[in-house]
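These are the residues of each chain, in order.
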Amino acid sequence: MRLKSIHLTVFLFLTFVFAKAQQITIKSANIIASANVPSPVKETTVKMLTEEIQKRTGIVLKPISSQPKTGEYAIALVLSNEKDLFGKAIPVSADKNSAEFKPEGFRVVSELTDKGGILWIIGADARGVLFGAGWVLRKATLNPKAIQLETKINIASSPEYPIRGHQLGYRHTANSYDAWTVAQFDQYIRELAIFGSNAVEGIPFHEDENPSPHFKMSAADMRVKISEICQAYDMDYWVWTPVTFDLKDNQKRTAELNLHEDLYKKCPRLDHIFVPGGDPGDNHPREVMPFLKELHERLVKYHPNSKIWLSLQGFSVEQVDYFYQYLKENKPTWLQGVVSGPGSPPMAETRYRLPKNYQHREYPDLTHNVRCEFPVREWDQAYALTLGREASNPRPYEFAAIHQTYAPFTDGFVSYSDGCHDDINKVTWSMRAWNTQTDVREILVDYGNFFFGRNLADNVADGIAALENNWKGPLARNGGVEATFTFWKGMESSATPQLTENWRWQMLLLRAYYDTYTRRRLIYEQDLEKQANQVLANASQLGAEKAMASAAEIMERADKMPVGYDLRKKIEQLCQMLYASIGLQTSVPKHKAKGYERGCLLDFIDYPLNNRWWLQDEFKKLIPMVATSKEAVLERLKLISTWENPGAGSFYDDVSSVSKGPRVKTIIDDATDIAWWDNGFSRTRLSSQTFQKCPELVYDNLQADARYIIRVAGSGEALLRVDGKRLDPILYNRETETFKEWIVPFNLTQDGRITVTFDEPEESHLNWRKHSKISDIWLLKQ
């Protein structure tokens, strides 16, 4: 669409005009909808306002078809091109450039007094009316038997970005959507609209052969129902449809076209078909583009204005060039635009190369924490091992900044989401796409007000921000986690039964409890390992077998005498409540989640936060060796006991540990530095589960006349340089948890400082999971 530096959608935002911030309290009210507001949005908006106000206040809006009588209050839904409603002048701006005249824009005006009056919701179009009603619901104070509104409201607003949507895939991969009823989808889509979303993306076909055990109806039937919901709310309905077969196979190609046409025929509303070029799929665009043209020919038979989108995910440079040459030569009118997601060319480049008549949509991953597009930067390994990839992840401030970075190159977004655990991220992204200047805390206050009530709104906003801060920096040193827990416990102590049943409340409480439990367990279990290492360090005096038995007994206390029993019990209760309320699957055995990586934090609640599993396996190997290889056993125990503490003048770094890598200057941006081995239940040493390919480390205050050796643990290659000079190894093992070593020349340490870097090995022929890994680095003074 446009770079923000070149052009910004005209946006008008008139803040509240308060007369001493006077509020009016309404005990009963009517609702009027102009006949000119298009159906079905007119009826949907009336229903939305009526139901959401009734839920919170008990007040039922009464529909009327005339001006309210003296002393009565009414909410009026009208269009900005109307002059009056039942003879009452509509208070639109005289400026036709005002927001209520722009697509999806609205104006809300209060003409309320203590003697009655009208709250006007004036839309540029049907969506404008819907979004204006959403603004009222976000801002109004809705208490039992009372609606409180400011007496002097005059606000106009229109969105900066025209595409604002979220993917809601009814498939088993999702950690919650697959358990939803039609009514739950309707409610969630309504809530997305209240916070400014105008699109929903479904995922047909992808997992139809493996239905979820949680399905309330078939996937085929549910996607038609979601289409009907989108039609009711005038929200664009997108579908994500990868092509995972060889398009040169004519039989499969015809079958796929027929499958698509059957969907097109059944959906009452279908606006956009998004086909990822790759991820999954590996067809060349010379096959993809003609196939998309055929899709469009079938699509427009049932949905004449619908369009096709393509992502360039996984395309080679040659394939990307081919695509742009195709656009230049063929100028396809059936193509609406390009989607940028993980594995796509840079968004700035895409916008630059894409002809201006094509739109550009972002496909941001708001749902994952590691092994994803936007990983939590420098996440403590304790969280990565337990909360994992799809835990409740409110990151409003971080995602607001990410949106600000990439949005100017786009026309908007439809996010990637695999569950409702990312709800706050969806709201943040939607509201910042509506207005990039909206303060994040204001968004969170609105969120708290609408979902939890005015009395909790500010505290909830601060509590959410505190949960985001729980994930910053080394966990053991983050005392704010305890303060956050105390804050949420304080709110929990006064929670009403209705609030206790609210799934959003349950999810935020779960995070507060889980973060605290994990921190307390981390501190306790790491201390046990220090005690065990002290015993192993004295193995030559105690005897190897006695030292290993004593160390094992110390480490076993983590299981036999665990900390935080009450916290753990509460976490189990909250997980079960979330499964009952929203179908959130936090366990494979208990909730039949598709896989352990899909938000199954309950299954990892006791995963070791020290190396006791690894030590158990080491001891099993060493005990039989004591009788025949005593010295080798003692040497191995010495290495184990000093692994992280190699002695005075020496240094150790766990390269991707935020708490144990002080000299590491690099961060892996794609988050593949946290392993996922054995479905998350790996018994390997914790440090070997964090890694980088090419870390950079800086060492200061070295002894000028000392000899140093660099030792590296990991797997595969390690092409080491010191101060830019490539060194030859004296030891070079490629297996996991084996070592490579280099002697550092004297002339490089004379100034007391060295920089250690690694060249990237050529491994383009390998899957990324098999790439070389560097996990531990020592600088050992001899």
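Keep in mind the model is a prediction, meaning the values are calculated, not measured.

Participant: Tell me about the sheet that holds strand β27 (residues 754-759), and please be specific about residues and values.
Facilitator: The 4 strands are arranged β21-β27-β23-β24 in an open sheet whose pairing can be described as antiparallel. Edge positions in the open sheet fall to β21 (697-699) and β24 (725-726), since each of these has one partner strand only. With 2 bridges joining them, strand β23 (residues 719-722) and β24 adopt antiparallel strand pairing. Paired with V722 across the two strands is K725, which belongs to β24.

Participant: Talk me through the packing of helix α12 (residues 440-452) against helix α13 (residues 454-470); I want residue IDs and the actual numbers.
Facilitator: Two elements in contact, α12 and α13, have axes separated by 7 Å at closest approach and are oriented at 135 degrees. Overall, the two elements α12 and α13 adopt an arrangement that is oblique. By crossing handedness, the relation of α12 to α13 is classed as right-handed. Facing R441, L444, V445, Y447, G448, N449 and F452 of α12, the residues of α13 in contact are R454, L456, A457, D458, V460, A461, D462 and I464. For the contact of α12 with α13, the residue count by class is 9 nonpolar, 2 polar and 4 charged.

Participant: Requested: an account of the packing of aromatic side chains, with residues and values cited.
Facilitator: Applying the stated criterion across every chain, the model contains 42 aromatic pairs. A centroid spacing of 5.3 Å and a plane angle of 70 degrees characterise the contact between W643 and W778, whose relative ring orientation is edge-to-face. Of this pair, W643 sits in the loop between α22 (630-641) and β20 (651-654) while W778 sits in strand β28 (residues 773-781), placing them 135 residues apart in sequence. We classify W778 as buried; its relative accessible area is 2%. Here the aromatic residues Y170, Y177, W180, F185, Y188, F215 and W503 are joined through ring pairs into a cluster of three or more. Across the ring face of W614, the terminal group of R685 is positioned such that the distance to the ring centre comes to 4.7 Å. Against the face of F739 rests R711, its NZ or CZ located 5.0 Å from the ring centre.

Participant: Outline the nonpolar core, supporting the account with residue identities and numerical values.
Facilitator: Nonpolar side chains in soluble globular proteins tend to be buried together. Judged by nonpolar contacts, the single largest core of 151 residues is most densely connected at L292 and F323. Sort the elements by how many residues they give to this core and helix α16 (residues 503-537) lands first, with 11 residues. Among all residues touching F323, those that are not within four sequence positions of it are M289, L310, L312, L335, V338 and L354. If you look at the next biggest cluster of nonpolar residues, it comprises 28 residues, including V535, W614, F739 and W778.

Definitions and limits used
- Residues numbered from 1 in each chain as written.
- Predicted model: local features only at pLDDT ≥ 70, side-chain atom pairs only at ≥ 80, totals over all residues.
- Heavy atoms only, no water.
- Pairing = 2+ DSSP bridges.
- Helix = DSSP H or I, 4+ residues; strand = E, 2+ residues; numbered from the N terminus.
- Axes fitted to C-alpha atoms, helices over the stretch in contact; angles between N-to-C directions.
- Parallel < 35°, antiparallel > 145°, perpendicular 65-115°, else oblique.
- Left-handed = near helix turned anticlockwise from the far one by under 90°.
- Contact = heavy atoms within 4.5 Å.
- Nonpolar A, V, L, I, M, F, W, Y, C, P; charged D, E, K, R; others polar.
- Phe/Tyr/Trp six-rings, centres within 6.5 Å; stacked < 30°, edge-to-face > 60°.
- Buried < 20%, exposed > 50% of the residue type's maximum accessible area, 1.4 Å probe, protein only.
- Lys NZ or Arg CZ within 6 Å of the ring centre and 35° of its normal.
- Core = buried A, V, L, I, M, F, W, Y, C linked by side-chain atoms within 4.5 Å.

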